[in-house]
Amino acid sequence: RLKDTLTQQQAAQIAIPFFQELGNRAHKLGVVFGIEANPTDYGCDWLTTLDDAAQFVTQVASPAIALHGDAGGMIMTNQAPPQSLHMLATTTQANP
């Protein structure tokens, strides 16, 4: 989850097509990949909150790329799990 010197937009321009292709191939095989936020406390600098990961999964728009919620990561980024369950459910349902 390091974009290093790339901007958020540049990282997305690389990652979205990659995950769309991965999603297309995975869907044909009945496989689903989960995208999980990794907080900055872990040394990450991209997709560091559940909101970031949800937006990315929505942009990829593949039924084989899903949002994975990590309770520890949500607590570390002040996104309490109970309030985040709705986001997890609606993002997952948006990519049936």
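Positions within a chain are numbered from 1, following the residues in the order the chain's sequence is written. Under the rules for a predicted model, residues below a pLDDT of 70 receive no local features and side-chain atom pairs below 80 are neither given nor counted, while totals for whole chains, interfaces and linings still include all residues. Derived side-chain values reflect all non-hydrogen atoms in the structure, with water molecules and hydrogen atoms excluded from consideration.

A. Examining unusual backbone geometry more closely. In this model, Asp4 sits at a positive phi of 55°, which is unusual for a non-glycine residue. The class of Asp4 is exposed, set by a relative accessible area of 61%. Buried residues are those whose accessible area, probed at 1.4 Å on protein chains only, stays under 20% of the maximum for their type, while exposed residues exceed 50% and partly exposed ones sit between those limits.

B. Fine view of the packing of aromatic side chains. Aromatic pairing here means that ring centres of Phe, Tyr or Trp (its six-membered ring) are within 6.5 Å. Orientation follows from the plane angle: under 30 degrees is stacked, over 60 is edge-to-face, and everything else is tilted. Within this structure, the stated rule accounts for three aromatic pairs. A ring pair is formed by Phe18 and Phe19, whose centres lie 5.1 Å apart and whose planes are at 85°; its orientation type is edge-to-face. Each ring, one from Trp46 and one from Phe56, has its centre 5.4 Å from the other, and the planes form 75°; the classification is edge-to-face. With Trp46 in the loop between strand S1 (33–35) and helix H2 (50–60) and Phe56 in helix H2, the pair connects residues that are ten residues apart, well separated along the chain. What counts as a helix is a DSSP run of H or I of at least four residues, what counts as a strand is a run of E of at least two, and both are numbered from the N terminus.

C. A look at the packing of helix H1 (residues 8–29) against H2. Closest axis-to-axis distance for the H1/H2 pair is 9 Å, and the angle between their directions is 60°. As far as their axial angle goes, H2 and H1 are oblique. The two elements H1 and H2 meet at a crossing, and its hand is right-handed. Each of Ala15, Ile16, Phe19 and Gln20 in H1 lies in contact with H2, whose residues at this interface are Phe56, Gln59 and Val60. Inter-axis angles, ranging from 0 to 180 degrees, are taken between N-to-C directions of lines fitted to C-alpha atoms, where helices are fitted over the stretch in contact. Under this scheme an angle from 65 to 115 degrees is roughly perpendicular, one under 35 degrees roughly parallel, and one over 145 degrees roughly antiparallel; angles in between are oblique. Note: crossing handedness is left-handed where the near helix turns anticlockwise from the far helix by less than a right angle, and right-handed where it turns clockwise. Only heavy atoms matter for contacts: two residues are in contact if any of them lie within 4.5 Å across the pair.

D. Quick peek at the confidence of the model for the protein chain. Here the protein chain shows a mean pLDDT of 89. Residues at 70 or above account for 92%. Of all secondary-structure elements in the protein chain, the lowest mean pLDDT belongs to helix H4 (residues 81–94), at 68, while H1 reaches the highest, 97. The quantity called pLDDT is the predictor's confidence in a given residue, expressed from 0 to 100.

E. Representation of the side chain of Gln79 in the model. If you trace the backbone, Gln79 turns up in the loop between helix H3 (71–76) and H4. Overall, the relative accessible area of 11% leaves Gln79 in the buried class. Within 3.5 Å is the distance limit for a polar contact, defined as a pair of N or O atoms, with the added protein rule that one can donate a hydrogen and the other accept it, and that residues adjacent in sequence qualify only through two side-chain atoms. At 2.7 Å, the side chain of Gln79 forms a polar contact with the backbone nitrogen of Leu50. Excluding residues within four positions of it along the chain, Gln79 makes contact with Thr49, Leu50, Asp51, Met74 and Ser84.

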